[in-house]
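Here are the chains, one letter per residue:
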Amino acid sequence: MNYSVELLDLIQGDLFHFDLNKLLIWIFQQHLASFFCTCIVVGTGVTGHWTTATVQFPHPAIVVALSGNDSDVLLEAIENGCQTFILAQSTAIEFMDLFHYVHDRATVHYSHKRIIIINDDDAEETNVRATLKHGAIRDVMDLLLVNPRPVQKRVDLFTSAPGNDEWMLSDSHHTSAPAFGYVDLFPNKRSDLGGRYVRLAIFNYEPYTLWSSVDSAEEANAFSQPNRTLFIDGTEARLFVEFCAKLNCSLEISLDEAGEWGQIYENRTGDGIIGAVVERRADIGVGALYSWYHESQFLALSKPISRTGVTCIAPKPLLLSSWLTAILPFSTVLWLAVLGTVAVSTVFEVLVSFVTQKFNPNKPNRVDVCESMMGIISIFILQAVLLRTNRNPYSSQMILIGSVLFVGLMIGNAYSGGLASVMTVPRYEKSIDTVQELAERNLPWGSTHDAWIFSIQLATQPTIVKLLENFVTYPKDVLHRHAQQRDLAYSIERLPYGHYAVGDYITDGVSSNFEIMLEDIYWENCVAMATKTWPLMDELDELTLVIFQSGIQRYWELEVVTKFADNKVQHAISTSRHFGNPGPIPLQPSHLLGAFFLLAVGLGLALVCLLLELLWHRLSTNRVRVRVTTNDETA
């Protein structure tokens, strides 16, 4: 009789496990078929009786045997595409301990992960609850616990409650049931988050993200541990306000004004927005974050929220000094060409005069180089020239002088027209319009943080490399002081709908000193950065694309800039390329300062030459007297 009871128990146990495997096969085929690959995580040397159900998997499966803290095998499996995980209860805590560590180091990441925990027949209730209390469970929204109960001949299927604080019974399957009814074992918990906190990292950077403390909870739309005391706004902050309004979540704000955008170190620590996310002090961060390569290795990037162009406002060119009036009509190259023409014409005039003198040896007239030069210059400045035909009545000289007269007429009239233009239209210093000119001018440019050059740090073009060398960072008060001194260019952003993101160190008092470049240094996509295991990235991406295609961001940008930005600064930058027209003005002595300057230079040179000639004459006279005296004494 005892043998029969034991045999019956054994047969019933085998039948129960057989029915359990059939149930697991049904779960795998119904709820995992849409995924690419599944990892079956078991302990070393341990395989549950349920592992035979994995033979009929709807897609490739990888069996991972965890051994202590050996995470390499799990990391390799995730890199090979594991999106879902089947865990033995004995390995659940160990897997959860490695969950964040492994996924943070994986290149591939999926926001929708499914985890199925298959409980042991004799598992203790405390172990089941400990799994649900683990910190990594926060990033797992699709969680299923298969709890076999051989004594009751049924299998209980649990999922986590919306707050991930307790198990919720989804279905209870009796092994004697003839068929499986369809039950959604992974209900959509993302459509209603039940007030779940979304930890958002931001800092004050208009018009993207702005925050302020308010007195009442009715005015606030975000939490600051643990109270609802913050009001956030901005073109990107509004996306998350809409996100939580749609999914019924609450925003908990992480602030780091000193760190601003922040940076990530190789030991996976950091500061600012991205530092808060990589250290998991926040789930996601936003605020003019670009699709940076280095950060993409540590964090998950959302779909583009908007497009921005990074350019500079450079010191506005000043009016050229009036003493340059006389040389402005011609460029440097043209002046060199004119001087070369004068020199060549003078050489030809001297040469022709010297040769033609040989034709008439009875007239011992010497060639006057100074007279020839003055004659050529007189032609070029449209003055009369005395031609002594009685001295050199030859056709060669007439042809030479005629050609010089023709060229001088054209050059002289061109200079007169250019001079009239210069004295009518004010001339300014050369402005910085392009990236090439910014690099060639060797003008420092900068802001408060190195984030402005994260996107171009890997560039190899000489122009960009030069810009990287010239980039500087200063505190806001130092940047404002440099803005008054006009010795620094400032990086700003061209927003997609005609406005600008400008640091508050550019005030109305100094904005008129700068003009915006015509070219962008580079352009980027603004994204949000989240942890690689944040489970709501797909929902955020979907909302981002819906908002983008709706066009409401144009209205958001206009409203936020009008409400928070200095509109005088915005206007000054947008019109910085337009110079005012003062209209007709009477000539002032300053307009002829260039002529007076040339006259002063000429008089000064003449005086110096006169003194040198007098000195030379005196020395020559003394030398002659000494020679005569010496000759007399010798005689």
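Quick caveat, the model's predicted, so the values are computed rather than measured.

Criteria and thresholds
Residues numbered from 1 in each chain as written. Predicted model: local features only at pLDDT ≥ 70, side-chain atom pairs only at ≥ 80, totals over all residues. Heavy atoms only, no water. Helix = DSSP H or I, 4+ residues; strand = E, 2+ residues; numbered from the N terminus. Buried < 20%, exposed > 50% of the residue type's maximum accessible area, 1.4 Å probe, protein only. Contact = heavy atoms within 4.5 Å. Areas by Shrake-Rupley, 256 points an atom, 1.4 Å probe, with all protein chains shown as cover. Pairing = 2+ DSSP bridges. Axes fitted to C-alpha atoms, helices over the stretch in contact; angles between N-to-C directions. Disulfide = S-S within 2.5 Å. Expected span 1.5 Å × (residues − 1). Arc of directions from axis to C-beta. Patch = residues over 30% accessible without salt bridge, like charges linked within 9 Å, V, L, I, M, F, W, Y side chains within 5 Å. Salt bridge = Lys/Arg side-chain N within 4 Å of Asp/Glu carboxyl O.

**A few points about the overall build of the chain**
A tally of regular secondary structure across the chain gives 18 helices and 23 strands. Counting the 635 residues in the chain, one finds 44% classified as buried. Within the chain, contacts between residues separated by at least 24 positions form 74% of all contacts whose residues are at least 6 apart in sequence. On the chain, roughly 33,000 Å² of surface is accessible, and the fraction owed to carbon and sulfur atoms is 59%.

**Looking at the sheet that holds strand β1 (residues 38-43)**
Strand order in the open sheet formed by 7 strands is β2-β1-β3-β4-β5-β6-β7, with mixed pairing between adjacent strands. Because the sheet does not close on itself, it has two edges, and the strands there are β2 (61-66) and β7 (167-174). Shown here is a sheet whose adjacent strand axes are inclined to one another by a mean of 20°, direction ignored. In the sheet, strand β6 (residues 154-160) pairs with β7 via 7 bridges, with the strands oriented antiparallel.

**Considerations on the state of the cysteines**
By the definition in use, this model includes 2 disulfides. Covalent S-S linkage joins cysteine 39 and cysteine 82, the inter-sulfur distance amounting to 2.0 Å. Note on the cysteine 39 and cysteine 82 pair: the S-S dihedral is about 90°, so by sign convention the disulfide is right-handed. Of this pair, cysteine 39 sits in strand β1 while cysteine 82 is found in the loop between α2 (72-79) and β3 (84-88), placing the two residues 43 residues apart along the sequence. As far as burial versus exposure is concerned, cysteine 39 and cysteine 82 are alike and both buried. With a sulfur-sulfur separation of 2.2 Å, cysteine 244 is cross-linked through a disulfide to cysteine 249. Measuring the twist about the S-S bond at about -100°, one finds the cysteine 244-cysteine 249 disulfide to be left-handed. Both residues of the pair, cysteine 244 and cysteine 249, belong to the buried class.

**With respect to helix α16 (residues 552-564)**
The terminal C-alpha atoms of α16 lie 18 Å apart, and with 13 residues this matches the ideal 18 Å at 1.5 Å per residue to within 8%. The set of residues buried in α16 consists of Gln553, Trp556, Glu557, Val560 and Val561. The buried residues of α16 occupy an angular sector of 115° when projected down its axis, which confines them to one face. Within α16, the exposed residues directed more than 90 degrees away from the buried face are Arg554 and Lys563. Looking at the buried positions of α16, the neighbouring elements they touch are β9 (210-213), β11 (227-233), α5 (237-247), α15 (537-550) and α17 (567-574).

**Topic: a nonpolar patch on the surface**
On the surface, Met373, Met374, Ile377 and Ile381 cluster together into a nonpolar patch covering about 360 Å² of accessible area. By the secondary structure assignment, methionine 374 is in helix α9 (residues 369-380).

**Digging into the pattern of salt bridges**
Pairing is possible between side chains of opposite charge, provided their charged atoms come close. Under the definition given, this model contains 19 salt bridges. Here arginine 238 and glutamate 559 are joined by a salt bridge, their closest N and O atoms 2.6 Å apart. Of this pair, arginine 238 sits in helix α5 while glutamate 559 sits in helix α16; the two residues are 321 residues apart in sequence, bridging distant segments of the chain. In this structure arginine 238 comes out as buried when scored by relative accessible area, which is 15%.

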